[in-house]
Amino acid sequence: MIDINTISSLTADAEAFRQKVIDAGIQGKLTEQLPEDGTAQELFEQIQEEKARLVKEGKIKKQQPLPPIKPEEIPFEIPRNWMWVRLGDIFDHNTGKALNTSDKEGSLLEYITTSNVYWDHFELNGLKSMYFRDDEIEKCTIKKGDLLICEGGDIGRSAIWPYEQEMRIQNHLHKLRSFKTEINVKYYFYMMWSYKNSGLINGRGIGLQGFSSKRIHSLIVPLPPLTEQQRIAERIEEILSVQQDLQNSLESYTSDVSAMKSKVIDAGIQGKLTEQLPEDGTAQELFEQIQEEKTRLVKEGKIKKQKPLPPIKPEEIPFEIPENWMWVRLGEIGNWSAGATPSRSNPDYYNGNIPWIKTGELNDDYIIDSDEYISDAALQECSVRLNPVGSVLIAMYGATIGKTGILDIEATTNQACCACIPFLIDNKYLFYFLIGNKQRFLDKSHGGAQPNISKDIIVNSSFPLPPLAEQQRIAERIEEILSVFFRSVNRRRDNYDFTSSKT
C-alpha cells in the first residue's frame, strides 16, 4: 500500500535536526581545532586589553571583576584550546529606555521592543516613538552587528541587527556589543538559540519572569579562537541551508504527490486507466451475482435482510463511467456496520485478545494491529462485530472523518468506524474509491465542532461498479503508477545523510 507519510518523515524532524546541528557547532563538534588558530586564552587576553583601552578612553565604564567559573556551572565539554568565560567578559551590554509617557524631554525617535524581535529576524511594521535625551541616545542606540536578547516574553529570543540604519531600544531588550570587533556575533547568536532550546536559559522572578542584566552578565559561554568561531558559524549555516533546501523540496514533492495521488485515483475509478475488455462481462451481470450472494447469506443467517435502496437519480451521478459499468449504492455491494464501545465500567470487557479499532488508527493504509484489545465477553455481550480480514473501514466522526483502512487482521471497531464486508467486490478498489471520494463525504457531513457522517449517508452514496476483473486491474494500475512517484521521492530523500557532519 502506498503511504504518503514516508515522504515527509524528514520534515517532521526538522527542528530536532536544527537543534542537533547548532548544539554540535557551539560545542566544537563540527569543526577541526587548528594550531594556527591560536588559543582562547590568547584571545581572552586581547579582549581584556581592548576593554582596558575603552575604559581609559571613557567609552565604557570599568566593570567589577566577575566571579570565577565553578565546575558545576559548566554545561558541556569543549575543546582544549577553548575556554569558559562569562558573557560580561567579552560583551558590553545594557538595556534600553523604559517607556514613560510623561517624559517629553529630548528628541522624539522610533524604537523597538521585544515584540519586534524574532529568532534571527525583525518585524518593523508600525514602530512607535518616544522621547530620548542626548545622554540616553548613545546608550539606547543599536548599530549593525549588535546582538539583541529579549529580557521578557520569549526569554532569551535573539537576533542580530542587520541594518545600516541605527535604532533605539526599549528597556526589555538587551544590547550586546563585543569588546573586540572581530568576535563572531553569529556564533553567539547560535549559542543563545542552543541555550534556549536546551533549557539552559529560564526566566527568574515572581509573577513576571525575566532575563536580567545581572544574569546575562554572569552567563557562562564557550570562547573559541576567532577563526574557529567564524568556521563554526559558516558550517552551521551551510548545513542548515542544505537541510532547508531539502525540506522545501520534500514539502513540494509531498504536495505534488498528494495532488498526483488524487488525480490517479480519480482516473482509476472513472475507468480511464484501464481497458474495458469483453471477456470481463458487465457490471449488470456482477450486480446480479452480488444479489444472489446476499440472498444466500441471508438464508444462512449470516446477514440480515436489507430493505431495498431507492434508485439512483441523475443528480447523484458525479461523473461519466464506461458503458459496461453501472451506478449502484454502496449499501448494495457490502454489509456495512458501525461498531460500539463496551462499557468502561466493566473491567472484564478490556485487556483481552480481540483488536478494537478506533478512528485515530485509520490512515488510508492496511491495519495490522490495534492500540487496544477487548475480551470475548465484550464481543458476546456488547454491540461490536468481528470484521474479517479484508474488511474496509471508514471514519465517520471528528477530525479523521473520511479516513479509511483495510483490515489485515480480524478486528472489532468503535462506533465512530463504519466497516464494510464486501460482496464480490475487490476491497482495494472500494478502498481507493473511498479515498478518492473523501470530499464528497465531507460535503455531506453535519454537526458543528465535531462533524460526522452517518451510516445511512454512506450506504446511500452512489458507487461506480465495474466488472470484478476490471476492479482488480484498476487497483493494480493505481498502485503501479503511484509507486513510481514514491520511488523517485525516496531516492531523492536517501541521497542525503544529515547524521554526518559532512553534507
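Presented here is a report on the structure given in the accompanying data block.

About the thresholds
Residues numbered from 1 in each chain as written. Predicted model: local features only at pLDDT ≥ 70, side-chain atom pairs only at ≥ 80, totals over all residues. Heavy atoms only, no water. 1 Å grid on protein atoms, 1.4 Å probe; cavity = no way out; pocket = protein on both sides within 12 Å on 5 of 7 lines; lining within 4 Å. Points joined across faces, edges and corners; volume = space filled by probe spheres on them. Helix = DSSP H or I, 4+ residues; strand = E, 2+ residues; numbered from the N terminus. Salt bridge = Lys/Arg side-chain N within 4 Å of Asp/Glu carboxyl O. Buried < 20%, exposed > 50% of the residue type's maximum accessible area, 1.4 Å probe, protein only. Axes fitted to C-alpha atoms, helices over the stretch in contact; angles between N-to-C directions. Parallel < 35°, antiparallel > 145°, perpendicular 65-115°, else oblique. Left-handed = near helix turned anticlockwise from the far one by under 90°. Contact = heavy atoms within 4.5 Å. Nonpolar A, V, L, I, M, F, W, Y, C, P; charged D, E, K, R; others polar. Disulfide = S-S within 2.5 Å. Pairing = 2+ DSSP bridges. Expected span 1.5 Å × (residues − 1). Polar contact = N/O pair within 3.5 Å; in protein donor to acceptor, adjacent residues only side chain to side chain.

A few words now on the layout of surface pockets. Its boundaries defined by the atoms lining it, the largest pocket holds a volume of some 1100 Å³. The set of elements that each furnish at least two residues to the lining of the largest pocket consists of α2 (40-56), β2 (91-95), α4 (134-140), β11 (173-178) and α6 (213-218). Residue contributions to the lining of the largest pocket peak at four residues, all from α6. In this structure, the second largest pocket occupies an estimated 550 Å³ of space.

So, about the pattern of salt bridges. Opposite charge on two side chains permits them to pair, given that their charged atoms come into close proximity. Tallied over the entire structure, the rule returns 29 salt bridges. When the shortest N-O distance is used, the salt bridge between R177 and D146 registers 2.7 Å. Linking R177 in strand β11 with D146 in the loop between β7 (141-142) and β8 (147-150), this pair joins segments that are 31 residues apart in sequence. The exposure class assigned to R177 is partly exposed, which follows from its relative accessible area of 28%. The buried category is assigned to D146, whose relative accessible area is 2%. A single network of salt bridges, built from pairs that share partners, joins K97, D103, R133, D135 and E136.

This next bit is on the packing of helix α1 (residues 14-26) against helix α5 (residues 185-197). Where α1 contacts α5, the two axes come as close as 9 Å, and the packing angle between them is 125 degrees. Looking at the two axes, α1 sits oblique to α5. For the pair α1 and α5, the crossing hand works out as left-handed. Contacts between α1 and α5 pair E15, R18, Q19, I22, D23, G25 and I26 from the former with Y187, Y190, M191, W193, S194, Y195 and N197 from the latter. Tallied by class, the residues present in the contact of α1 with α5 amount to seven nonpolar, four polar and three charged.

Attention now goes to the state of the cysteines. Covalently bonding the sulfur atom of one cysteine to the sulfur atom of another cysteine gives a disulfide. Here the structure, examined in full by the defined rule, presents zero disulfides. Considering cysteine sulfurs only, C420 is the nearest to C418, which forms no disulfide, with 7.9 Å between them. For C418, a relative accessible area of 0% translates into the label buried.

What follows concerns the sheet that holds strand β15 (residues 350-357). Taken in spatial order, the three strands line up as β17-β15-β20 in an open sheet, and their pairing is mixed. Only two strands of the sheet have a single neighbouring strand rather than two, namely β17 (373-374) and β20 (412-413). Judged from the two bridges that link them, β15 and β20 form a sheet pairing that is parallel. Bridge pairing links W356 to T412 in β20.

Let us look at the sheet that holds strand β3 (residues 107-112). Strand order in the open sheet formed by four strands is β6-β3-β10-β7, and the pairing between neighbours is mixed. Because the sheet does not close on itself, it has two edges, and the strands there are β6 (128-132) and β7. Sheet topology note: the β3/β6 ladder contains five bridges and is antiparallel. Each bridged residue has a counterpart across the sheet, and for S107 the counterpart in β6 is F132.

Attention shifts here to α5. Because an α-helix completes one turn every 3.6 residues, residues spaced three or four positions apart along the sequence face the same direction. With 13 residues, α5 ought to run about 18 Å at 1.5 Å a step, and its terminal C-alpha atoms sit 19 Å apart, in line with that. Every buried residue of α5 is accounted for by V185, K186, Y187, Y188, F189, Y190, M191, M192, W193, S194 and Y195. The opening residue of α5 is N184, an N-cap whose side-chain oxygen sits 3.2 Å from the backbone nitrogen of K186. Once α5 ends, the next one or two residues include G199, with phi positive near 80 degrees.

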